[in-house]
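Structure at a glance
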Amino acid sequence: MRHSALVRATHWLTAASFIALVVSGVAILLAHPRLYWGETGAVGTPSLIDLPLPFMLTGQSGWGRYLHFLSAWIAVLTGTVYVLGGLRANHFGQDLFRPAHPAKYNVMQRITYAAVVFGLFPLMIWTGLAMSPAVTSVLPMLVTFMGGQQSARTVHFIVATVLVLFVVGHVAMVAFAGFRRHVGAMILGGEPSASEVQT
Amino acid sequence: MSRLITRRKVITTALTALGGASGLAVAARLADRYGLIPPDHGGLYGAGETLTYASHRLLTARGSLAREFSRDHISKVAPVNGPPPTAFDYQQLLRRGFTNWGLEIDGLVARPSSLSLADLRGFPVSRQITHQACEEGWSFIAEWIGVPLGYVLNLVGASPNARYVVFYAYDDDWESIDMAT
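1. Here we look at the overall build of chain A
- A count of helical and extended segments in chain A gives seven helices and two strands.
- When its helices and strands are written in sequence order, chain A yields α-β-β-α-α-α-α-α-α.
- Overall size of chain A, expressed as C-alpha extent along the three principal axes, is 60 × 35 × 25 Å.
- Here the contacts in chain A between residues at least 6 apart in sequence split such that 62% fall between residues at least 24 apart.
- In the structure as shown, chain A presents an accessible area of about 10,600 Å², 75% of it carried by carbon and sulfur atoms.

Below is the structure:
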């Protein structure tokens, strides 16, 4: 089965915005590479994780935040189109939750894709919004449920790390299964191969 | 699925594109009328800034305020970010305990004023225990006591056309906040 135009377009928009989010996220993180639990945290208070990275206070967080918010909007809008389109075409039902036999993806792949789309990405949006004072002035439970603003920042970082690991694994599996053919299928929508399990 | 380009398909696509374009134009017109377009709506990051700004304005339209905390949440460490200003003016103010300091207010106001620390301390006081997060990532909770900015803005007669309050610091830095419309 070939990838639909919707899946192909949203895949590459998500890929581009994800790269921009990681790059800008690291730029923001470097201003204060320490993570805390609870509402508050600063140098001089106990931390949860001290990342082995230098404190970079040379003004990287300005463009970092501009790019982070722009790419976050692109990722969120793209993700919304993808999920709504996927529901309409029964993409998730057919390929993830109730696959036909033989299934297009194995059970580990299906669990991973479902967790990324319906668990990790929503958690990134939630913890991102939980760090916004404007948003939490209206919806305080977004941050109180997380255990505080610094907890939200820490969960945001951990989930981002898991997503980066997913992308590394995803690209490795594509390379293993035939990089050119599978990337071509995701760009042009051609048939990668009838029998083989895709990544 | 057929890959043929039919007349029906062309007409549907053209109508959708036309509808989308005029919908966008109407949305931009409405957004501008309700003050949803920020000054930095142009440039590379303009779209992101506009979406964030407009959502904040819509979300906080009912005048929601920052979360408040109880006294036992006040942080034991209140971080100071960086050294104090080195400017000569500032050193003089420091030496005289800020008795010669004045808060200069001008711009779109009926009565441009300079308010001394004694003036500000004589105004009605409000208190709040709020969380302050630096864009770098650290944060603390403190109790803030003093005259509300709104009181001072009414005092100097801020124009209904004024949309932002801009603060200038001693190190040539500045920051702005939205005024409630």
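2. Focus on the overall build of chain B
- A tally of helices and strands in chain B yields five helices and six strands.
- Each helix and strand of chain B, ordered N terminal to C terminal, gives the series α-α-α-β-β-α-β-β-α-β-β.
- A compact globule built from 181 residues should have a C-alpha radius of gyration of about 16 Å, whereas chain B, at 24 Å, is more than 25% larger.
- Principal-axis analysis of the C-alpha atoms places the extent of chain B at approximately 80 × 40 × 35 Å.
- Expressed as a percentage of contacts within chain B between residues at least 6 apart in sequence, the contacts between residues at least 24 apart total 43%.
- With the model as given, the accessible surface of chain B reaches about 13,400 Å², and the carbon-plus-sulfur share is 59%.

3. Let's talk about the nonpolar core
- The biggest cluster of nonpolar side chains holds 21 residues, and the ones touching the most others in it are Tyr82, Leu96, Tyr113, Val116, Leu120, Val159 and Leu163 of chain A.
- Looking at this core, the elements that each hand over two or more residues are α1 (5–29), α3 (91–97), α4 (107–130) and α7 (149–188) of chain A.
- Ignoring any residue separated from it by four or fewer positions in sequence, one finds tyrosine 82 of chain A in contact with Leu6, Val7, Thr10, His91, Phe92 and Val117 of chain A.
- One finds Ile105, Val109, Val152 and Val156 of chain B within the second-largest nonpolar core, a separate group that totals seven residues.

4. Overview of the interface of chain A and chain B
- Taken together, the contact between chain A and chain B spans 33 residues of the former and 30 residues of the latter.
- When chain A packs against chain B, close to 2,400 Å² is buried across both sides, 62% of that on carbon and sulfur atoms.
- A per-residue breakdown of the area chain A buries against chain B is headed by Tyr66, Leu70 and Trp73 of chain A, which together make up 23% of the total.
- At the surface where chain A touches chain B, the tally comes to two salt bridges.
- With a shortest N-O distance of 2.9 Å, glutamate 39 of chain A and arginine 67 of chain B are connected by a salt bridge.
- Between the two partners, chain A and chain B, sit nine residue pairs in polar contact (both at pLDDT 80 or more).
- Breaking the side of chain A that touches chain B down by element, the ones donating at least two residues are α2 (61–88), α5 (133–138), α6 (141–144) and α7 of chain A.
- Here the element with the most residues in the side of chain A that touches chain B is α2 of chain A; it accounts for nine residues.
- For the side of chain A that touches chain B, a count of residues per class yields 17 nonpolar, 12 polar and four charged.

5. Considerations on the packing of aromatic side chains
- The full count for this structure, using the stated rule, is 11 aromatic pairs over all chains.
- Look at phenylalanine 18 of chain A and phenylalanine 121 of chain A: their rings are 6.5 Å apart centre to centre, the planes differ by 65°, and that puts the pair in the edge-to-face class. Of this pair, phenylalanine 18 of chain A sits in helix α1 while phenylalanine 121 of chain A sits in helix α4; the two residues are 103 residues apart in sequence, bridging distant segments of the chain.
- A relative accessible area of 25% places phenylalanine 121 of chain A in the partly exposed class.
- Ring plane angle 50° and centroid distance 5.1 Å describe the contact between phenylalanine 123 of chain B and tyrosine 151 of chain B, whose orientation is recorded as tilted. In this pair, phenylalanine 123 of chain B sits in the loop between α4 (117–122) and β3 (126–133) while tyrosine 151 of chain B sits in helix α5 (residues 149–155), placing the two residues 28 residues apart along the sequence.
- On the accessibility criterion, phenylalanine 123 of chain B (16% relative accessible area) is buried.

6. What to know about a nonpolar patch on the surface
Residue and element names in this part refer to chain A.
- A surface patch of nonpolar side chains, about 280 Å² in accessible area, is lined by Val22, Val26, Val164 and Val168.
- At the level of elements, α1 and α7 are the ones that each hand at least two residues to the nonpolar patch.
- For valine 164, the location among the structural elements is in helix α7.

7. What about a negative patch on the surface?
Residues and elements named next belong to chain B.
- Taken together, the side chains of Asp171, Asp172, Asp173 and Glu175 make up a negatively charged region of the molecular surface.
- Tracing the sequence through the fold places aspartate 172 in the loop between β5 (164–168) and β6 (174–178).
- A relative accessible area of 72% places aspartate 172 in the exposed class.

8. Some words on the environment of alanine 115 of chain A
All names here are of chain A.
- Looking at where alanine 115 falls in the secondary structure, it is placed in helix α4.
- Accessibility expressed as a relative area gives 35% for alanine 115, which makes it partly exposed.
- Between the C-alpha atoms of alanine 115 and methionine 186, which are 71 residues apart in sequence, the distance is 21 Å.

9. Topic: the side chain of threonine 127 of chain A
- Considering the arrangement of structural elements, one finds threonine 127 of chain A in helix α4.
- Excluding residues that lie within four positions of it along the chain, threonine 127 of chain A makes contacts with Met146, Ala152, Val155 and His156 of chain A.

10. Some points on unusual backbone geometry
- One non-glycine residue, asparagine 90 of chain A, adopts positive backbone phi at about 55°.
- Note that asparagine 90 of chain A resides in the loop between α2 and α3.
- Among the residues examined, asparagine 90 of chain A registers a relative accessible area of 35% and is labelled partly exposed.
- Positive phi is not limited to glycine here, since phenylalanine 98 of chain B has a value of about 65°.
- A relative accessible area of 25% places phenylalanine 98 of chain B in the partly exposed class.

The rules behind each value
- Residues numbered from 1 in each chain as written.
- Chains lettered and ligands numbered in written order.
- Predicted model: local features only at pLDDT ≥ 70, side-chain atom pairs only at ≥ 80, totals over all residues.
- Heavy atoms only, no water.
- Helix = DSSP H or I, 4+ residues; strand = E, 2+ residues; numbered from the N terminus.
- Contact = heavy atoms within 4.5 Å.
- Areas by Shrake-Rupley, 256 points an atom, 1.4 Å probe, with all protein chains shown as cover.
- Rg over C-alpha atoms; globule rule 2.2 N^0.38 Å.
- Core = buried A, V, L, I, M, F, W, Y, C linked by side-chain atoms within 4.5 Å.
- Buried < 20%, exposed > 50% of the residue type's maximum accessible area, 1.4 Å probe, protein only.
- Buried area = accessible area lost by both parts, 1.4 Å probe.
- Salt bridge = Lys/Arg side-chain N within 4 Å of Asp/Glu carboxyl O.
- Polar contact = N/O pair within 3.5 Å; in protein donor to acceptor, adjacent residues only side chain to side chain.
- Nonpolar A, V, L, I, M, F, W, Y, C, P; charged D, E, K, R; others polar.
- Phe/Tyr/Trp six-rings, centres within 6.5 Å; stacked < 30°, edge-to-face > 60°.
- Patch = residues over 30% accessible without salt bridge, like charges linked within 9 Å, V, L, I, M, F, W, Y side chains within 5 Å.
- Lys, Arg positive; Asp, Glu negative; His and termini not counted.
- Charge placed at Lys NZ, Arg CZ, Asp CG, Glu CD.

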